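A structural walkthrough
Each chain, letter by letter, is given below.
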Amino acid sequence: GNSVTQMEGPVTLSEEAFLTINCTYTATGYPSLFWYVQYPGEGLQLLLKATKADDKGSNKGFEATYRKETTSFHLEKGSVQVSDSAVYFCALPSTSGTYKYIFGTGTRLKVLA
Amino acid sequence: GAVVSQHPSWVICKSGTSVKIECRSLDFQATTMFWYRQFPKQSLMLMATSNEGSKATYEQGVEKDKFLINHASLTLSTLTVTSAHPEDSSFYICSAEGANVLTFGAGSRLTVL
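Here goes a summary of the coordinates provided. Just so we're clear, the structure is a prediction, and the values are computed from it rather than from any experiment.

Our focus in this paragraph is the overall build of chain A. Scanning chain A for helices and strands turns up zero helices and twelve strands. Looking at chain A as a whole, 44% of its 113 residues are labelled buried. For chain A, restricting intrachain contacts to residue pairs at least 6 apart in sequence, the fraction spanning at least 24 positions comes to 55%. Taken as a whole, chain A presents about 5400 Å² of accessible surface, with 49% of it coming from carbon and sulfur. Looking at charge distribution, chain A has the averaged site of its 10 positive side-chain charges lying 6 Å from that of its 10 negative ones.

Structure below.
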């Protein structure tokens, strides 16, 4: 089945620093790819997604490009804020066409003022 | 947008008792709901897939008699932790699929004393 590998955290950055969180996947075909964010004490929220190769998902200043050549979907943000402190999860469907998602282990981001 | 409500958001119970957690889709019908368990080091484990009107499909290693899942209507799925023990203490999160969107609840923190 499909799988996803995510860089381990925690990641600690100063405000306005550049963020990259790596995510690579193994999949049959080209499934949609997702980044979810979990703020302290809350559930998961969809941050962005890409539905096909070379697509770029973006939201709230975050971006991720679906790269089939490197089977990657790295999350980036040019200038992080304290409010971005959260846990970020990379995800994809366990098999194509389903909502049964497989999540990475999550990367905790802490942004210092 | 789609909203999924989980209740209770936190619960404390004594060892040996049973606890029920509800997951409701508030403004859409959810033919499929998913239950996840999040461990202290943040990884998400899919426990089961719940389909309205049929038995839940449990992931390997999840005790179906321990974690009873019912999906009696298109807007409600419940997870009952039976004869709870301290090792069942965790953060349980549901998600619901509807209108081609997967939406997560805010989670329910269970503490078993």
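Anyway, onward from the coordinates.
We now examine the nonpolar core. Counting residues in each nonpolar core, the largest one holds 26 residues, and the members touching the most others are L19, W35, L47, L48, F73, L75 and Y88 of chain A. Elements with a contribution of two residues or more to this core: β2 (11-14), β3 (19-21), β4 (23-26), β5 (33-38), β6 (44-50), β8 (62-65), β10 (86-93) and β12 (107-112) of chain A. Top element by residues in this core is β10 of chain A. It accounts for four residues. Membership of the second largest hydrophobic core comes to 25 residues, among which are A48, Y58, F67 and Y92 of chain B.

Right, let's talk about a nonpolar patch on the surface for a bit. Taken together, the side chains of W10, I12 and L113 of chain B define a hydrophobic patch exposed on the protein surface, amounting to about 400 Å² of accessible area. Here I12 of chain B shows up in strand β2 (residues 10-13).

Between chain A and chain B, the contact holds 16 residues from the first and 20 residues from the second. Surface buried jointly by chain A and chain B totals about 1400 Å² across both partners, of which 59% is contributed by carbon and sulfur atoms. In terms of surface lost to chain B, no three residues of chain A exceed L44, Y99 and K100 of chain A, which account for 43% of the buried area on that side. Summed over the shared surface of chain A and chain B, the number is one salt bridge. A salt bridge links E59 of chain B to K100 of chain A; its shortest N-O distance comes to 2.9 Å. The set of elements that each furnish at least two residues to the side of chain A that touches chain B consists of β5, β10, β11 (101-103) and β12 of chain A. For the side of chain A that touches chain B, the class distribution of residues is seven nonpolar, six polar and three charged.

What follows covers the state of the cysteines. All names here are of chain A. This model, assessed by the stated rule, comprises two disulfides over all chains. Covalently, C23 is tied to C90 through a disulfide, its sulfur atoms 1.9 Å apart. Between C23 and C90 the disulfide shows an S-S torsion of about -65 degrees. By sign, it is left-handed. Highlighted residues: C23 in strand β4 and C90 in strand β10, separated in sequence by 67 residues.

Residues and elements named next belong to chain B. Burial analysis of strand β5 (residues 44-51) places six of its eight residues in the buried class, which makes it a mostly covered element. Pairing between strand β4 (residues 32-38) and β5: seven bridges, direction antiparallel. By the bridge assignment, T32 is partnered in β5 with N51. As paired strands, β5 and strand β6 (residues 57-58) are joined by two bridges and run antiparallel to one another. Note that in β6 the partner of T49 across the bridge is T57. With antiparallel pairing between neighbouring strands as the criterion, β5 and β6 make up a hairpin whose turn holds five residues, including G53 at a positive phi of roughly 80 degrees.

Parameters at a glance
Residue positions are counted from 1 within each chain, in the order its sequence is given. Throughout, the order in which chains and ligands are written sets their labels, letters from A for the former and numbers from 1 for the latter. Since the coordinates come from a predicted model, pLDDT governs what is reported: local features require at least 70, and pairs of side-chain atoms require 80 or more to be given and counted, while whole-chain, interface and lining totals use all residues. Note that the side-chain values use all heavy atoms of the structure and ignore hydrogens as well as water. Secondary structure follows DSSP: runs of H or I at least 4 residues long count as helices, runs of E at least 2 residues long count as strands, and numbering of each begins at the N terminus. Exposure classes here rest on a 1.4 Å probe applied to the protein chains alone. A residue is buried below 20% of its type maximum, exposed above 50%, and partly exposed in between. A contact between two residues is defined here by any heavy atoms of the two lying within 4.5 Å. Areas reported here follow the Shrake-Rupley algorithm with a probe of radius 1.4 Å; residue values treat only the protein chains shown as occluding. The charged-residue count follows a simple rule in which Lys and Arg add positive charge and Asp and Glu add negative charge, with His and chain termini not counted at all. For charged residues, the charge sits on one atom: NZ in Lys, CZ in Arg, CG in Asp, CD in Glu. Only buried residues count toward a nonpolar core. Its members are Ala, Val, Leu, Ile, Met, Phe, Trp, Tyr and Cys residues joined through side-chain atoms within 4.5 Å. Nonpolar side chains (Val, Leu, Ile, Met, Phe, Trp, Tyr) are joined into patches within 5 Å and like charges within 9 Å, using only residues with over 30% relative accessible area and no salt bridge. Basic side-chain nitrogens of Lys or Arg form a salt bridge, by our definition, when they fall within 4 Å of a carboxyl oxygen of Asp or Glu. Buried area is calculated as the accessible area (1.4 Å probe) missing from two parts once they are joined, with the contributions of both summed. Amino acid classes used here: Ala, Val, Leu, Ile, Met, Phe, Trp, Tyr, Cys and Pro are nonpolar; Asp, Glu, Lys and Arg are charged; the rest, including Gly, are polar. Here, the term disulfide refers to a pair of cysteine sulfur atoms separated by no more than 2.5 Å. In this scheme, strands are said to pair when DSSP sees at least two bridges between them.

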